[in-house]
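# Summary of structural features
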Amino acid sequence: MSEGWKMKSKTIRRWSFIHTWTSLICTVFLLLLALTGLPLVFHHEIDHLLGNEPQLAHMPADTPQLNLEQLVAKAQAHRPGEAMQYLAWDEDDANGVIAIMAATAGTEPNSSHTFMLDARTGDAVEMPSANGGFTLFLLRLHVDMFAGLPGKLLLAFMGILFVVAIISGTVLYLPFMRRLKFATVRQDKSTRLRWLDLHNLLGVVTLTWALVVGVTGVISACADLIIAAWREDSLSAMIEPYKYAPPLSQRAPASELLTIAAKAAPGMQPDFIAFPGTRFSSEHHYAVFMKGSTHLTSHLLTPVLIDASTLAVTAIAERPWYMDAMGMSQPLHFGDYGGMPMKILWAVLDVLTIIVLGSGVYLWIVRRKT
Amino acid sequence: MKPRQSSFWKVFAIPLGIGVLSAAGLFAALLGDGGWDSLSWVGLGVPAVIGVWGLFKRRG
C-alpha cells in the first residue's frame with residue numbers, strides 16, 4: 001500500500017471517531033426531538049380534533065370590527081388586574097385577534113395567558129391549546145424539556161453535534177460506498193450489513209432536509225439570546241432619548257396604532273403589537289411589528305416604535321440579520337408553509353431520520369460486540 | 001488525482017442531485033402558493049420516496 005493510502009485510512013479513522021461520538025452524544029436528545037416533533041407537525045389538526053381550537057360565532061360578513069382600544073378594554077374586563085402584553089392577528093380567521101396577557105407586561109412567556117377576541121364583538125374565546133394540553137406539553141418537551149433557557153441551550157448544543165454528525169457522516173459515505181452502486185442494500189449477507197447500507201442510504205437522502213431542520217432548530221433554540229441581542233443592539237439605541245424619562249403614567253389609546261404604523265411602513269402588514277414593558281418593546285413604546293407583503297418577506301418583521309403617551313413614531317427599526325435569520329428559521333423548521341402534502345413529507349422525512357438515528361446506535365452496539 | 005476524482009463523482013453524483021432537489025423544494029414553497037407548493041412537494045418527495053423505497057425493498 002502506498003503512503004497516500006495510509007494517510008487516507010488515518011483520515012477515515014478520524015472522521016469515523018468524530019461521527020461516532022457526536023452522534024452517540026446527541027442521539028437520545030435527537031430521538032426526543034424527532035419523536036415529539038412528529039405530532040407537532042400536525043398540531044393544528046390535532047388541536048382541531050381535540051376541540052382545543054377557538055371557534056368564532058357566525059355573523060354577517062360585513063359586520064364591523066371594534067377598534068383596538070375597545071378590544072383592549074374587553075380583554076382587560078375579561079382578565080381584570082392583568083397587563084396586556086401582545087395583540088396578534090389570527091392567520092385563519094380575519095376576525096380573530098389573539099390577546100396575550102399576564103400579571104405584568106414583563107412576565108415571561110410561559111406564565112402568560114393566551115386567548116382570542118372576536119374583533120366584531122370583543123367577546124373572549126378561550127384557546128386551550130395555547131395554554132395547556134397535549135400539544136403544548138409536546139412543544140415544551142421539544143423546545144426546552146421544561147428546563148427553561150438551560151434546556152434550550154442544551155438542545156441547541158445537541159443540534160450542533162447533530163449537524164457535525166451529518167457532515168462527518170457525509171464524508172464517511174465516500175469510503176463506504178466507493179465500491180457500491182447508489183441505493184445498494186445488501187440483503188443476504190448479514191443484518192449488520194443490511195442496516196449499514198440502509199443507514200447510509202437513508203442518511204444521504206435525508207441529508208439536506210435534516211441539515212436545514214437541524215440548523216433552523218439551533219437558531220430557534222437561541223431565540224432568547226437573539227431577542228436579548230436585539231434589545232441590547234438595536235432597540236436600546238432607538239430608545240436612548242427615553243433613558244431618563246419618568247415611567248409611563250397614562251398609556252395613550254391603541255385605536256390608531258395600525259393606521260400610524262401603516263403610514264410609517266407603507267406596503268407592509270401588521271403581524272403583532274407589543275405593548276409597553278414587554279420584551280419586544282420598551283417601557284415607553286408600543287411596537288407594531290410589520291411583516292412584508294410578499295410570500296418570502298412575510299416571515300421578516302420590521303418593528304415600528306410608537307411613543308406610548310404621544311403616539312408619535314419614534315423609529316422604524318432596521319432589521320438586524322440575526323432577526324431575519326430567526327424569522328426565516330421558523331417555517332423552515334416547522335414545515336408549515338406548503339400545505340398538507342408538505343406536512344406529510346415532513347413527517348416521512350422525520351421518520352426516516354428516526355430510523356437513521358436508531359440504526360446508528362444499532363451499528364455501534366453490534367460493532368462493539370465483534 | 002484523476003481516479004479519486006472520478007470515484008467522488010461516482011459516489012456523490014446522485015446524492016448531490018437529491019440534495020439540490022431537496023433544497024429547491026425547501027425554498028420553492030417560501031416563494032408562493034400553488035405552483036410553488038407543488039414544486040416543493042416534488043423536491044421533498046424525491047428523497048422521501050427513495051428512502052421509503054430503500055426501506056421496503058424485498059429481501060434477497
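Attention here is on the structure that accompanies the text. (Residues numbered from 1 in each chain as written. Chains lettered and ligands numbered in written order. Predicted model: local features only at pLDDT ≥ 70, side-chain atom pairs only at ≥ 80, totals over all residues.)

## Concerning the overall build of chain B
- Looking only at helices and strands, one finds two helices and zero strands in chain B.
- Every one of the 60 residues in chain B was classed for burial, and the buried ones make up 27%. (Helix = DSSP H or I, 4+ residues; strand = E, 2+ residues; numbered from the N terminus. Buried ≥ 20, exposed ≤ 12 C-beta atoms within 10 Å, placed from the backbone.)

## Concerning the overall build of chain A
- In terms of regular secondary structure, chain A is built from twelve helices and eight strands.
- Overall, chain A is about 80 × 45 × 35 Å in size when its C-alpha atoms are taken along their principal axes.
- A buried classification covers 32% of the 370 residues belonging to chain A.
- In chain A, the proportion of contacts linking residues at least 24 apart, taken out of those at least 6 apart, comes to 65%. (Contact = placed C-beta atoms within 7 Å.)

## Side note on the interface of chain A and chain B
- In this assembly, 32 residues from chain A lie in contact with 29 residues from chain B.
- Looking at the side of chain A that touches chain B, the elements that each hand over two or more residues are α6 (148–177), α7 (191–205), α8 (207–221), α11 (321–334) and α12 (339–369) of chain A.
- Among the elements that make up the side of chain A that touches chain B, the one with the highest residue count is α12 of chain A (seven residues).
- Split by residue class, the side of chain A that touches chain B holds 24 nonpolar, six polar and two charged. (Nonpolar A, V, L, I, M, F, W, Y, C, P; charged D, E, K, R; others polar.)

## Section: the nonpolar core
- In terms of nonpolar packing, the biggest core is built from 42 residues, with Leu30, Val205, Leu345 and Leu349 of chain A together with Leu44 of chain B touching the most fellow members.
- Looking at which element gives the most residues to this core, the answer is α12 of chain A, with seven residues.
- With residues up to four places along the chain from it excluded, the contact list for valine 205 of chain A reads Ile18, Pro47, Ile50 and Gly51 of chain B.
- With 35 residues, the next largest nonpolar core counts Leu68, Val72, Val97 and Phe289 of chain A among its residues. (Core = buried A, V, L, I, M, F, W, Y, C linked by C-beta atoms within 7 Å.)

## Section: the environment of histidine 19 of chain A
All names here are of chain A.
- Among the structural elements, histidine 19 can be located in helix α1 (residues 3–41).
- Note on histidine 19: 20 C-beta atoms within 10 Å, which makes it buried.
- Sequence spacing of histidine 19 and leucine 172 is 153 residues, and the spatial spacing of their C-alpha atoms is 8.4 Å.
- What histidine 19 contacts, discounting residues up to four positions off in sequence, is Ala165, Ser168, Gly169 and Leu172.

## Considerations on α8 of chain A
Residues and elements named next belong to chain A.
- Under the 1.5 Å per step criterion, the end-to-end length of α8 is 21 Å for 15 residues, consistent within 8% with the ideal 21 Å.
- Burial analysis of α8 places eleven of its 15 residues in the buried class, which makes it a mostly covered element.
- For α8, every residue scored as buried is listed here: Leu207, Thr208, Trp209, Ala210, Val213, Gly214, Thr216, Gly217, Ile219, Ser220 and Ala221. (Expected span 1.5 Å × (residues − 1).)

## Description of the packing of α7 of chain A against helix α2 (residues 35–56) of chain B
- Between α7 of chain A and α2 of chain B, whose axes approach to 9 Å, the crossing angle comes to 170 degrees. As summarised for this structure, α7 of chain A and α2 of chain B are arranged roughly antiparallel, according to the angle between their axes. Residues Leu198, Leu201, Leu202 and Val205 of chain A of α7 of chain A touch α2 of chain B, and the partners they reach there are Pro47, Ile50, Gly51, Gly54 and Leu55 of chain B.
- The residue inventory of the contact of α7 of chain A with α2 of chain B, partitioned by class, reads seven nonpolar, two polar and no charged. (Axes fitted to C-alpha atoms, helices over the stretch in contact; angles between N-to-C directions. Parallel < 35°, antiparallel > 145°, perpendicular 65-115°, else oblique.)

## Remarks on the pairing of strand β8 (residues 313–316) of chain A
- Where strand β7 (residues 301–307) of chain A and β8 of chain A come together, three bridges link them in antiparallel fashion. Of the residues in β8 of chain A, the one forming a bridge with valine 304 of chain A is isoleucine 316 of chain A. (Pairing = 2+ DSSP bridges.)

## A few points about the environment of glycine 169 of chain A
Residue and element names in this part refer to chain A.
- Along the chain, the position of glycine 169 falls in helix α6.
- The buried category is assigned to glycine 169, around which 24 C-beta atoms lie within 10 Å.
- In this structure the C-alpha to C-alpha distance between glycine 169 and serine 23, which are 146 residues apart in sequence, comes to 9.3 Å.

## What about the environment of aspartate 144 of chain A?
Residues and elements named next belong to chain A.
- Position of aspartate 144 among the secondary structure elements: in the loop between α5 (134–143) and α6.
- Each C-alpha atom of the pair aspartate 144 and glycine 37 lies 13 Å from the other, and the pair is 107 residues apart in sequence.
- When sequence neighbours within four positions are dropped, the list of residues in contact with aspartate 144 reads Gly151 and Lys152.

## Structural notes on the sheet that holds strand β6 (residues 285–291) of chain A
Residue and element names in this part refer to chain A.
- Taken together, the eight strands give an open sheet; going across it, the order is β4-β3-β2-β1-β5-β6-β7-β8, and neighbouring strands pair in antiparallel fashion. Whereas interior strands pair on both sides, the edge strands pair on one side only; in this sheet they are β4 (124–126) and β8. Neighbour-to-neighbour, the strand axes of the sheet open up by a mean angle of 25 degrees, direction not taken into account.
- Note: strand β3 (residues 113–118) against β4, three bridges, orientation antiparallel. Each bridged residue has a counterpart across the sheet, and for leucine 117 the counterpart in β4 is alanine 124.

## Examining the packing of α8 of chain A against α11 of chain A
Residue and element names in this part refer to chain A.
- For the pair α8 and α11, the least separation of the axes is 8 Å and the interaxial angle reads 130 degrees. Between α8 and α11, the angle is such that the two are oblique. Note on packing geometry: the crossing formed by α8 with α11 is left-handed. Note on element contacts: α11 touches α8 through Ala325, Met326, Ser329, Gln330, Leu332 and His333, opposite Val212, Val213, Thr216, Gly217, Ile219 and Ser220.
- Split into classes, the residues belonging to the contact of α8 with α11 amount to six nonpolar, six polar and no charged. (Left-handed = near helix turned anticlockwise from the far one by under 90°.)

## A short note on the pairing of β7 of chain A
Residue and element names in this part refer to chain A.
- With seven of seven residues buried, β7 lies mostly within the body of the structure.
- The two faces of β7 match: Leu301, Pro303, Leu305 and Asp307 on one face and Thr302, Val304 and Ile306 on the other face are all buried.
- Direction of pairing for β6 relative to β7: antiparallel, over a ladder of seven bridges. Each bridged residue has a counterpart across the sheet, and for alanine 287 the counterpart in β7 is leucine 305.
- Counting the residues in the hairpin turn of β7 and β8 gives five residues, including leucine 311, whose phi is positive at 65 degrees.

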